[in-house]
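# Per-entry structural report
Letter by letter, the chains look like this.
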Amino acid sequence: MSIEDERKKYRQVFSQIHIPQKIEVNVERNTRMNWMKKHAAALSAALLILSGSSAAYAADLGGIRTQVTYWLNGSLEEIEAVSNEDGGYDFYKEGEDEPFVSGGGVWIDDFGNEHALDAQDVADSTLNEDVHIKDDDTIWLKTRLGEWDITDLFRDQDTVRVTDGDRYYEISCAKDLSSTSMRSFHEPFGNAEFVNLQSS
Amino acid sequence: MKNKNMKLSVEYLIPKYQDNLYQAAFSVLQNPADAQDAVQTTMIRYHYLNQEFEDEEHIRKWLFKTVINASKDIRRSFWRRNKVSLEETMASIEFERIQDQSLFQEVCSLPEKYRIVIQLFYYEEFTIQEISQLLSITQSNVKKRLSRARDKLRNVLEQEDEHVN
């Protein structure tokens, strides 16, 4: 049977699968310069309402809410993530009204476009990942999978790219060890080579 | 360099793509309510995205990549809805023919990583390269998964052929 025949049969069946509740959209627009937006515009969408929703998400200016998990001292914990005005998330522990940490991030597609990370990815990068300098001036990367001394990688360069086998990191460190910065991604980007910490 | 100056409205995109995105989400989650949530999350993200695209196809790929990631998000979440059995889901769908139900059941019995590849390849007609980008896996992996899925589905597809003949 040819692929086209298989495709036809498959489409015959799955064209009968429809979203249970059709989404209806009501977008309110205003002409006020919107302080939330990165790009000033004369017209901006202030509110997106989706009717027929079975979701637990609040699609209003209060932010989209979702539950995410993170590792704390070896056990998996649950917290609530609420989208904020900066395009990232505020994270709340159960029963608390104030966020204990906030964060955001982007992933880069093959066209070089940046897209906001989802809540779980931000939690993974903000709460589970860290680069720090110890008292003995060694540079360490901590991820969900472990902790590695990456001092030697900075011998001849200020920026290194590594992977723990799960996520990919670009880490910069000032020569005088006064500051570090880190970006992490789902997948490798561009043509960069990444040192695999699991095998080094 | 291609111009990136397109941002289609959700009012246009939702009616056009909601069923397709739902089918992709369903192939990951196999739960109608969760798949619906994944589609709505995707549309909300798109609406608030401060970005323009090269063309509609570029938007379409972004939508599929996002709904797949949103589906995986939901799958990981402890707050996932109670599972609906496959039998209950199938009972809610009015298939035109018995053979359609058989093929649907067979596809649903595949591992998730095969189901999503099948959906993107057969239904959405993405190329191997595009599927590898959407799922962040190598093209070789896409081909392997597609080949194995087709092997598993071959029997039921041929049975359908015999029934028709």
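Details of the structure are given in the entry above.
Parameters and conventions
All residue numbers refer to positions counted from 1 along the written sequence of the respective chain. The lettering of chains begins at A and the numbering of ligands begins at 1, in the order of writing. Where totals are concerned, whole chains, interfaces and linings use all residues; where local detail is concerned, this predicted model gives features only for residues with pLDDT of at least 70, and gives and counts side-chain atom pairs only at 80 or more. Each side-chain value is derived from all of the structure's non-hydrogen atoms; neither hydrogens nor water enter the calculation. A carboxyl oxygen of Asp or Glu within 4 Å of a side-chain nitrogen of Lys or Arg is what we treat as a salt bridge. For helices the rule is a DSSP run of H or I covering at least 4 residues; for strands it is a run of E covering at least 2, with both sets numbered from the N terminus onward. For the exposure calls, accessible area comes from a 1.4 Å probe over protein chains only, and a residue counts as buried if that area is under 20% of its type's maximum, exposed if over 50%, partly exposed in between. Any two strands between which DSSP finds at least two bridges are classified as paired. Each axis is a line fitted through C-alpha atoms, and for a helix only the stretch in contact is used; angles between axes span 0 to 180 degrees, taken between their N-to-C directions. Within this scheme, the nonpolar core is defined by two criteria: the residues are buried Ala, Val, Leu, Ile, Met, Phe, Trp, Tyr or Cys, and they are joined through side-chain atoms within 4.5 Å. Note on definitions: a residue-residue contact is assigned when non-hydrogen atoms from the two residues lie within 4.5 Å. Each patch groups residues whose relative accessible area exceeds 30% and which form no salt bridge, using 9 Å between like charges and 5 Å between nonpolar side chains of Val, Leu, Ile, Met, Phe, Trp and Tyr. Accessible surface area values rest on a Shrake-Rupley calculation with a 1.4 Å probe, where residue burial reflects the displayed protein chains alone. Charge counting treats Lys and Arg as positive and Asp and Glu as negative, with His and both chain ends excluded. Charged groups are reduced to one reference atom each: NZ for lysine, CZ for arginine, CG for aspartic acid, CD for glutamic acid.

Take the pattern of salt bridges next. Residue and element names in this part refer to chain B. Under the counting rule described, the total for this entry stands at 15 salt bridges over all chains. For the salt bridge of Lys16 with Glu56, the shortest nitrogen-to-oxygen distance reads 2.7 Å. Within this pair, whereas Lys16 is found in helix α1 (residues 10–29), its partner Glu56 is found in helix α3 (residues 56–76), the two being separated by 40 residues in sequence. Of the charged contacts in the structure, one is a salt bridge between Arg75 and Glu112, with a shortest N-O distance of 2.3 Å. Of this pair, Arg75 sits in helix α3 while Glu112 is found in helix α6 (residues 112–123), placing the two residues 37 residues apart along the sequence. The class for Arg75 is partly exposed, based on a relative accessible area of 34%.

It is worth spelling out the sheet that holds strand β11 (residues 146–149) of chain A at this point. Residue and element names in this part refer to chain A. In spatial order, the strands read β9-β10-β11; together these three strands make up an open sheet with antiparallel pairing. Only two strands of the sheet have a single neighbouring strand rather than two, namely β9 (130–133) and β11. Each adjacent strand pair in this sheet contributes to an overall mean axis angle of 20°, direction not counted.

All names here are of chain A. As defined by bridge partners, strand β12 (residues 159–163) adjoins strand β13 (residues 168–173) across five bridges and the pair is classed as antiparallel. If you follow Thr163 over to β13, its bridge partner there is Tyr168. Hairpin connection, β12 to β13: the antiparallel pair is bridged by four residues, and Gly165 has positive phi, about 95°. A loop of six residues connects β13 with strand β14 (residues 180–185), the two strands running antiparallel in sequence, and Leu177 in this loop sits at a positive phi of about 60°.

Let's shift gears to the nonpolar core. Counting 60 residues, the largest nonpolar core has B:Phe104 and B:Leu120 as its most contacted members. Of all the secondary-structure elements, those providing two or more residues to this core are α1 (3–14) of chain A together with α1, α2 (32–48), α3, α5 (98–108), α6, α7 (128–135) and α8 (139–164) of chain B. Looking at this core element by element, the count peaks at 11 residues for α1(B). Not counting residues up to four positions away in its chain, the partners in contact with B:Leu120 are B:Phe64, B:Ile68, B:Glu125, B:Phe126, B:Ile131, B:Leu134 and B:Leu135. Listed in part, the 12 residues of the second largest apolar core include A:Ile139, A:Leu141, A:Val160 and A:Ile171.

With that settled, the discussion passes to the sheet that holds β14(A). Pairing is mixed in the open sheet, where four strands are placed in the order β14-β13-β12-β15 (chain A). Each edge of the open sheet carries a strand with a single partner, namely β14 and β15 (195–196) of chain A.

Glancing now at a negative patch on the surface. All names here are of chain A. A surface patch of negative charge is lined by Asp135, Asp136, Asp137 and Asp149. Within the secondary structure, Asp135 sits in the loop between β9 and β10 (139–143). Given a relative accessible area of 83%, Asp135 falls into the exposed group.

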